[in-house]
Amino acid sequence: MKHLIDILDLSPQEIMELVNKACDIIEHPAAYAHKCDGKILATLFFEPSTRTRLSFESAMLSLGGQVLGFSSANSSSAAKGESVADTIRTVSCYSDIIAMRHPKEGAPLVASMHSLVPVINAGDGGHNHPTQTLTDLLTIHKEKGRFDHLTVGFCGDLKFGRTVHSLVGAMSRYEGIKFVLVSPEELKLPRYVKEESIKKRGIPYEQSVSLEAVMPELDILYMTRVQRERFFNEEDYLRLKDSYILTPDKLQNAKEDLRILHPLPRVNEISVTVDNDPRACYFKQVQYGKYIRMALILKLLGMD
Ligand code: NCD
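Within any chain, residue numbers begin from 1 and follow the written order of that chain's sequence. pLDDT decides what is reported in this predicted model: residues at 70 or higher carry local features, side-chain atom pairs at 80 or more are listed and counted, and totals for whole chains, interfaces and linings draw on all residues regardless. Calculation of side-chain values draws on the structure's entire complement of heavy atoms; hydrogens and water are dropped beforehand.

S.K.: Looking at this model, I keep getting lost on the overall build of the chain. Mind explaining?
M.R.: Helical segments are the DSSP runs of H or I of at least four residues, strand segments are the runs of E of at least two, and each set is numbered from the N terminus. A count of helical and extended segments in the chain gives 10 helices and nine strands. A radius of gyration in this sense is built from C-alpha atoms; the matching globule rule multiplies 2.2 Å by the number of residues raised to 0.38. Taken over C-alpha atoms, the radius of gyration comes to 19 Å for the chain, in line with the 19 Å a tight globule of 304 residues would show. Overall, the C-alpha framework of the chain stretches about 55 × 45 × 40 Å when taken along its three principal axes. Per-residue burial for the chain yields a buried fraction of 56% across its 304 residues. On the chain, roughly 13,000 Å² of surface is accessible, and the fraction owed to carbon and sulfur atoms is 50%. A residue counts as positive if it is Lys or Arg and as negative if it is Asp or Glu; His and the chain ends are not included. Where a charge sits is defined by one atom per residue type, namely NZ (Lys), CZ (Arg), CG (Asp) or CD (Glu). For the chain, the separation between the mean place of its 37 positive charges and that of its 39 negative charges on side chains is 2 Å. Three labels apply to residues, based on accessible area from a 1.4 Å probe with only protein chains included: buried if under 20% of the type maximum, exposed if over 50%, partly exposed otherwise in between. Note on areas: Shrake-Rupley with a 1.4 Å probe; residue coverage comes only from the protein chains shown.

What follows is the structure, encoded as C-alpha cells:
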C-alpha cells in the first residue's frame with residue numbers, strides 16, 4: 001500500500017506519469033468517468049480549506065466514486081479528545097482512500113501508520129503540502145513544457161508556507177534549476193529546507209528582500225500569502241502581512257514568458273489588476289488541481 005505524505009515519496013518518473021495521466025484526463029474525461037465506481041474517498045480536514053478539499057471531492061466524484069468526511073476539527077471526535085490514530089483507524093473502515101489536512105506537522109505520517117487504506121497529506125501545519133506541489137508541477141509543465149532549466153522565484157512567507165517547502169523539494173531534483181528566495185528577514189526559508197533541498201544538492205540560489213530587483217531573471221514567480229494562523233502574535237503578522245504586493249508596474253521589467261503562480265487563497269499579495277495579465281496562471285492552477293488529484297487517486301488505488 002502506498003501513501004503520499006511527502007512529495008519526495010514520488011520519483012521524478014512517477015511525477016511525470018501523473019502529469020501525463022492528468023493531461024490524458026483533461027483530453028478524455030469521459031474515459032475516466034467510471035474508473036472509481038463503488039470507491040469512497042474520505043476527506044478529513046482538521047484545518048480550513050476551499051480548493052484542496054473541494055478539488056479532492058470533485059476529483060473523486062468525476063471518477064464515479066463517492067465522498068464522505070468532515071471539514072473542521074470541531075465537527076469530528078477530535079473535539080472530544082480522540083487521537084489521530086484512532087480517528088484514522090475508524091475512517092479507514094469506511095473508505096478506500098483518505099485525504100487529510102491537519103495543523104500539526106507530521107499528523108498525516110502518523111495517520112498513515114494506523115490506516116488500512118492509502119493516506120494523502122493534504123497539508124500538515126507549516127511543513128508540507130505535496131498535492132499542491134503536484135498541482136504546481138502540472139501548471140509549470142503545461143505552461144513551460146519542462147521542469148528543468150528554470151529560474152524559480154518564491155516570494156512572501158517562505159518560513160511557514162508549506163507549499164513552498166514541498167515545491168522547493170520537488171524542483172530541486174531537476175537539471176539547471178536556480179532558486180530566488182524573496183522574503184522579509186523574519187520569514188526566510190527554514191534552515192532544514194535550505195540544507196536538504198538546496199545546499200546538499202548544490203543548487204544555485206539567491207536571497208533578496210526586493211522583488212523588483214530580481215524580477216527580470218525569473219521564469220516562474222511563486223507568490224504566497226503570509227500565514228497568519230502560524231504566527232505567535234498578531235502584531236508581527238500585521239507588520240509583515242503587506243511586505244510584498246504584486247502590481248502591474250512591478251511586472252514591467254519581467255520576462256514576457258514569466259509565469260505567475262499562487263497556491264491561493266490570496267489576501268493582498270497580488271493585486272486583482274494583475275489577474276488579466278497573460279502571465280498570471282493562478283486560476284488555471286486551480287483547475288489543474290482537480291485533474292492531478294484524479295490521477296493521484298487512480299494511482300494510489302492501483303487503478304491506473
Ligand atoms: C495553501 C495551503 O493550505 O497551504 N492553500 C492551498 O491548499 N491551496 C496555501 C495557503 O493557505 O496559503
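S.K.: What's the story with empty space enclosed by the protein in this structure? I'm lost.
M.R.: In this approach, a probe sized like a water molecule rolls over the atoms, and the result shows the empty space that is left. As defined here, a cavity is a set of points on a 1 Å grid over the protein atoms alone where a 1.4 Å probe fits but cannot get out. A pocket is an open set with protein on both sides within 12 Å along at least five of seven lines, and residues line them when an atom is within 4 Å of a point. Grid points are joined across faces, edges and corners, and a volume is the space filled by probe spheres set on the points. Tallying each qualifying case throughout the model produces two cavities of 30 Å³ or more. Lining the largest cavity, in full, are Arg51, Ser55, Gln132, Thr135, His262, Pro263, Gln285, Val286, Gly289 and Arg293. Elements with a minimum of two residues in the lining of the largest cavity: helix H2 (51-62), helix H5 (130-144) and helix H10 (282-300). Its residues assigned to classes, the lining of the largest cavity comprises two nonpolar, six polar and two charged. Taken together, domain 1 (7-129 + 288-300) and domain 2 (130-285) each give at least three residues to the lining of the largest cavity, which thus spans both. Considering only enclosed or pocket space, the second largest cavity measures out at about 30 Å³ in volume. Three residue categories are used. Nonpolar comprises Ala, Val, Leu, Ile, Met, Phe, Trp, Tyr, Cys and Pro, charged comprises Asp, Glu, Lys and Arg, and polar comprises the others, including Gly. Among the residues forming the lining of the second largest cavity, the class breakdown is four nonpolar, two polar and two charged. As annotated, the domain borders come from an automatic or database domain assignment.

S.K.: Sorry if this is basic, but what is going on with the layout of surface pockets here?
M.R.: Taken as a whole, the largest pocket spans an internal volume of roughly 370 Å³. Taken together, 21 residues line the largest pocket, and the ones lying closest to its centre are Arg101, Arg162, Arg225, Leu264 and Pro265. Mapped onto the lining of the largest pocket, the elements with two or more residues apiece are H2 and helix H6 (162-171). Taken together, the residues that form the lining of the largest pocket break down as four nonpolar, 10 polar and seven charged. When we break the lining of the largest pocket down by domain, the ones giving at least three residues each are domain 1 (7-129 + 288-300) and domain 2 (130-285). There is about 220 Å³ of room inside the second largest pocket. Along the wall of the second largest pocket there are 14 residues; nearest its centre are Asp6, Leu8, Tyr192, Glu196 and Ser197. If you list the elements that add at least two residues to the lining of the second largest pocket, you get H6 and helix H7 (191-199). No other element matches the four residues that H7 contributes to the lining of the second largest pocket. Taken together, the residues of the lining of the second largest pocket sort by class into four nonpolar, seven polar and three charged. Both domain 1 (7-129 + 288-300) and domain 2 (130-285) contribute no fewer than three residues apiece to the lining of the second largest pocket.

S.K.: Help me understand the domain arrangement of the chain, please; the structure alone is not making it clear to me.
M.R.: Quite often, the size of an interface is put as the accessible area lost when its parts meet. Once the domains are mapped, the chain shows domain 1 (7-129 + 288-300) and domain 2 (130-285). Of note, the centres of domain 1 and domain 2, computed from C-alpha atoms alone, are 24 Å apart. Here, residues are in contact when the closest pair of their heavy atoms is within 4.5 Å. Tallying the contact residues gives 33 residues for domain 1 and 30 residues for domain 2. Defined in terms of a 1.4 Å probe, buried area is the accessible area two parts forfeit on being brought together, summed over both. Buried surface at the junction of domain 1 and domain 2, both sides included, amounts to about 2,600 Å², of which 62% is carbon and sulfur.

S.K.: Could you clarify how one ought to interpret the sheet that holds strand S6 (residues 178-182) in this entry?
M.R.: Sheet strands line up and pair through hydrogen bonds in the backbone, either parallel or antiparallel. Strands pair, by our definition, only if DSSP identifies at least two bridges between them. Spatially, five strands are ordered S7-S6-S5-S8-S9 in an open sheet, and the strand pairing comes out parallel. Bordering the open sheet on either side are strand S7 (205-208) and strand S9 (259-261), each of which pairs with just one other strand. Taking the axes of each pair of neighbouring strands and ignoring which way they run, one obtains an average angle of 15° across the sheet. Across four bridges, the pairing between S6 and S7 is parallel. Residue pairing in the sheet places leucine 181 in a bridge with glutamine 207 of S7. Lines fitted to the C-alpha atoms define the axes, with helices restricted to the stretch that makes contact. Angles between their N-to-C directions range from 0 to 180 degrees. Sheet strands touched by H5: strand S8 (220-223) and S9. Its angle to S9, the strand with the most contacts, is close to 165°.

S.K.: Sorry if this is basic, but what is going on with the pattern of salt bridges here?
M.R.: A side chain with one charge can pair with a side chain of the opposite charge if their charged atoms come near. Within this document, salt bridges are pairs made up of a side-chain nitrogen of Lys or Arg and a carboxyl oxygen of Asp or Glu, the two lying within 4 Å of each other. Enumeration according to the criterion identifies 22 salt bridges in this entry. One salt bridge in this structure joins glutamate 206 and lysine 178, with 2.9 Å as the shortest N-O distance. Here glutamate 206, found in strand S7, pairs with lysine 178, found in strand S6; they are 28 residues apart in sequence, far enough to count as distant. Classification of glutamate 206 by relative accessible area gives partly exposed; the value is 26%. Judged by its relative accessible area of 24%, lysine 178 falls in the partly exposed class.

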